[in-house]
Structure formats: structure tokens, C-alpha cells
Amino acid sequence: MNAVAILVLTLLPLAGVEAANGVEAMTVTPSADGGQTYSLTLQVLLFMTALTLLPSALMLMTSFARIVIVLAILRQALGTQNTPSNQILVALALFLTLFIMTPVWQTVHRDALQPYLDNQISQGEAFDRAIRPVRTFMFKQTREKDLAMMIDVAKQPRPRNIEDVATTVLIPSFIISELKTAFQMAFMLYVPFLIIDMVVASVLLSMGMMMLPPVMVSLPFKLMLFVLADGWHLIVGSLVKGFA
């Protein structure tokens, strides 16, 4: 049983008590501007539901997926086993995601969250304003071919502009594009280290040292190449600039 189900079971008795006293616990009333106003209990329920989807949104609607994939394949190319550890890679990916997505989140806070907290706009309008900068970010990183494929699969009419593209179509298109970009970058990172492995294996084989693992000998050379080339500077810089 997840947190949402527990919250619903907790709120149902409260709803019955308040209804018995003549106060509706979960109500939706029309507002003066034509929107809808939700009761506090329903707002809490919607907020808790959104929290359960937050990890998925963080991983699949931001730059996180591309960064963590590239870093994971880089570690595999270096052959350093679990160094850096998964915790370090995920933490680095999270902070880089925070750095890259800060302009988007600032726009969401300025245009949607703050006006909603000041009771200047309704919940529906706040959501519409909040999703706009996120959609703009995803559109910039989405390939037209991937977007066209998802539109065809969804059997939707050809959009006249980006506003006509549904968010449910944009998100999977963005994910597919991010995965392709991440693997392209990972391939370019893997090739130099693969060449070192092949050279070391050939040298050991020619010397008759077949019992010595080539990975053990090539690891210092790969680390030396990575350090001399200032690898972390180049990789992190390329990842960040790729979202500019």
C-alpha cells in the first residue's frame, strides 16, 4: 500500500465527520474568474499524489537521465569497477541537474507558484503557467523525428505549432531523444579507452604474457590519459553546454 492509499484511508473518516457537521471535506467550487477552487483537504490529497510522481518527473523531464547515463558508461569505460560509487554519480547528476534546470524552476516560481501562493491565480492557471517553461525546455532537446513518431503512434492530427502538442506526447518523445543523445556521447567517450585496451592486449599477447589480465595493465594508462586530458572538466562542460 503506497502513501496515497494510506492518506486516502486516513482522510475518509475525517470527511465523514465534517460532512456530518454540515461541512464538506472534499469540495470543488467555481471561482469568480471562471476557474475552480478546491477545499484544503482535496488540495493536500492532490499535493501528496504529486509527490509520488516527483521522482519520475525529476528523472524523465529534466537533464538527469542524460547526465547519469553518460557518467555511468564513463565509469565502465575506465574500468574502475565501483569507483566513483553510485551515490557519488547520482549526487553529481542531481547537482548538475539543479544547475541546468535553475532558470526553468525560477520561471515556474515567478510565474506560477508565487502568484498562486498570493491567491492571484487559480490552481488550473498555476499548473498551465508552471508547465510552459518545462515544455519549452523539453522541446529544445527533443528531435523532430521522435516527436513525429509519438504523434503518429498516438494517432493525433498533425499539430500546427508546439502549443498543439500534448504533454503526454512530448514527454516520451523527450525521453527517447535524451536516451539517444546520452548513448551518442557515451560512445564517443568509450572509443579512446577501448583503443587503449586493444593496444595493451596486443602488446601483452605479443610478449607471451597471456595470463596477465589486460584490464589490470591498461587501467593506469586510462587513468593517466583521463587526468592529463582534464576529463572531468571536459565531460561536465560538454554536458552542461549541451543543454544551453
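Before going into details, it helps to say that this report is about the structure given with it. Just so we're clear, the structure is a prediction, and the values are computed from it rather than from any experiment. (Residues numbered from 1 in each chain as written. Predicted model: local features only at pLDDT ≥ 70, side-chain atom pairs only at ≥ 80, totals over all residues. Heavy atoms only, no water.)

As a further point, take the overall build of the protein. Counting its secondary structure elements, the protein contains nine helices and two strands. Secondary structure elements of the protein occur, N-terminal to C-terminal, as α-β-β-α-α-α-α-α-α-α-α. When each of the 244 residues of the protein is scored for burial, the buried share is 32%. The contacts in the protein between residues at least 6 apart in sequence include a share of 64% that link residues at least 24 apart. With the model as given, the accessible surface of the protein reaches about 15,500 Å², and the carbon-plus-sulfur share is 69%. (Helix = DSSP H or I, 4+ residues; strand = E, 2+ residues; numbered from the N terminus. Buried < 20%, exposed > 50% of the residue type's maximum accessible area, 1.4 Å probe, protein only. Contact = heavy atoms within 4.5 Å. Areas by Shrake-Rupley, 256 points an atom, 1.4 Å probe, with all protein chains shown as cover.)

The next point concerns a nonpolar patch on the surface. A cluster of nonpolar side chains, contributed by Phe187, Met188, Val191, Ile195, Val199, Val203, Met207 and Met209, occupies part of the molecular surface with about 750 Å² of accessible area. A relative accessible area of 52% places Phe187 in the exposed class. (Patch = residues over 30% accessible without salt bridge, like charges linked within 9 Å, V, L, I, M, F, W, Y side chains within 5 Å. Salt bridge = Lys/Arg side-chain N within 4 Å of Asp/Glu carboxyl O.)

Inside soluble globular proteins, nonpolar side chains tend to come together where they are buried. In this structure, Ile67, Val134, Phe137, Met138 and Leu147 are the most contacted members of the largest nonpolar core, which totals 37 residues. When residues of this core are traced back to their parent elements, those giving at least two are helix H3 (64-78), helix H4 (86-117), helix H5 (123-141), helix H6 (144-153), helix H7 (167-206) and helix H9 (231-241). Among the elements that take part in this core, H3 stands out by supplying ten residues, more than any other. In contact with Phe137, other than residues within four places in its own chain, are Met61, Thr62, Ser63, Ile100, Met101, Val104, Phe174 and Phe243. (Core = buried A, V, L, I, M, F, W, Y, C linked by side-chain atoms within 4.5 Å.)

Between H4 and H9, the shortest axis-to-axis distance is 11 Å and the interhelical angle comes to 45°. It follows that H4 is oblique to H9 by the angle criterion. The two elements H4 and H9 meet at a crossing, and its hand is right-handed. For the pair H4 and H9, contact is made by Leu92, Leu96, Phe99 and Ile100 and by Trp232, Val236, Leu239 and Val240, respectively. (Axes fitted to C-alpha atoms, helices over the stretch in contact; angles between N-to-C directions. Parallel < 35°, antiparallel > 145°, perpendicular 65-115°, else oblique. Left-handed = near helix turned anticlockwise from the far one by under 90°.)

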